[in-house]
Amino acid sequence: QVQLLESGGGLVKAGGSLRLSCAASGRTFSNYVMGWFRQAPGKEREVVASISRSGSNTRLTDSVKGRFTISRDNGKNTVFLQMNSLKPEDTAVYYCAAAKFQLTTTPGPDYWGQGTQVTVSS
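It should be emphasised that the depicted structure is a prediction, and the values quoted were computed from it without experimental measurement.

Trainee: Outline the packing of aromatic side chains, listing residues and values.
Mentor: For any pair of aromatic rings, geometry is given as the distance between the ring centres together with the angle between the planes. All told, the structure shown has 3 aromatic pairs when counted by the stated rule. Note on Tyr32 and Tyr111: the rings are 6.0 Å apart at their centroids and 75 degrees apart in plane angle, and the pair reads as edge-to-face. Of the two residues, Tyr32 sits in the loop between strand 3 (18–24) and strand 4 (33–39) while Tyr111 sits in strand 10 (residues 111–112), which places them 79 residues apart along the sequence. Judged by relative accessible area, Tyr111 falls into the buried class, the value being 15%.

Trainee: How would you summarise the state of the cysteines if you had to cite specific residues and measurements?
Mentor: Throughout the structure, instances matching the rule amount to 1 disulfide. Disulfide partner of Cys22: Cys96, at an S-S distance of 2.1 Å. Disulfide Cys22 to Cys96: torsion about the S-S bond roughly -80 degrees, handedness left-handed. Here Cys22, found in strand 3, pairs with Cys96, found in strand 9 (residues 92–99); they are 74 residues apart in sequence, far enough to count as distant. Judged by relative accessible area, Cys22 falls into the buried class, the value being 0%.

Trainee: Give a detailed account of the sheet that holds strand 7 (residues 68–73), specifying residues and quantitative values.
Mentor: What the 4 strands build is an open sheet, ordered 1-3-8-7; its pairing is antiparallel. Across the chains shown, the open sheet's two edge strands, defined by having one partner strand only, are strand 1 (4–7) and strand 7. Within this sheet the neighbouring strands show an average axis-to-axis angle of 15 degrees, counted without direction. Where strand 1 lies against strand 3, 4 bridges are found, and the strand directions are antiparallel. Directly across from Glu6, in strand 3, lies its bridge partner Cys22.

Trainee: Hey, could you go over the pairing of strand 7 for me, with residue numbers and the actual values?
Mentor: Side chains of strand 7 alternate between two faces, with Phe68, Ile70 and Arg72 buried and Thr69, Ser71 and Asp73 left unburied. The sheet contact formed by strand 7 and strand 8 (residues 78–83) spans 6 bridges and is antiparallel. For Arg72, the partnering residue across the bridge sits in strand 8 and is Val79. Between strand 7 and strand 8, which pair antiparallel and follow one another directly, the connecting turn spans 4 residues, one of which, Asn77, has a positive phi of 50 degrees.

Rules used throughout
- Within any chain, residue numbers begin from 1 and follow the written order of that chain's sequence.
- Local features in this predicted model are restricted to residues whose pLDDT is 70 or higher, and side-chain atom pairs enter the listing and the counts only when it is 80 or higher, whereas totals over whole chains, interfaces and linings include all residues.
- In computing side-chain values, all of the structure's heavy atoms are included and hydrogens and water are not.
- Pairing of aromatic rings covers Phe, Tyr and Trp, the last through its six-membered ring, and needs centres within 6.5 Å; plane angles under 30 degrees mean stacked, over 60 mean edge-to-face, and all others mean tilted.
- Under the scheme used here, helices are H or I runs from DSSP no shorter than 4 residues and strands are E runs no shorter than 2 residues, and both carry numbers assigned from the N terminus.
- Throughout this description, buried means an accessible area under 20% of the type-specific maximum (1.4 Å probe, protein chains only), exposed means over 50%, and partly exposed covers the range between.
- Disulfides are defined as cysteine sulfur pairs within 2.5 Å.
- A pair of strands is treated as paired once DSSP finds two or more bridges between them.
- Whenever a helix is involved, its axis is fitted only over the stretch in contact; in every case the axis is a line through C-alpha atoms, and angles between N-to-C directions fall within 0 to 180 degrees.

These values are about where atoms sit, not about what they do.
If you want it as structure tokens, here you go:
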């Protein structure tokens, strides 16, 4: 059983930045692929970013490449999503997620965070 606690969401103007944090419980954080999903009203949930167990490999969806960075600190059981140059289309609820093997929409991750709202105004 893994519990994920997110923080860092909020309201920001276009072009601004936010950093999301996700703190995980347990002693096996490094055994999980970690990542972030997001879902905007009326749209499907999508994988935004993922990071390997060691943190050596990351993946970003095309729409956020060059603007977002995912990182993790296994010593602190925490994963981050640094979001720069935010656009109104980034507005969504962002969910931290953990997967034993693959972080994908189908099937979904093994564990979800509660979600944090990110709103980007024009």
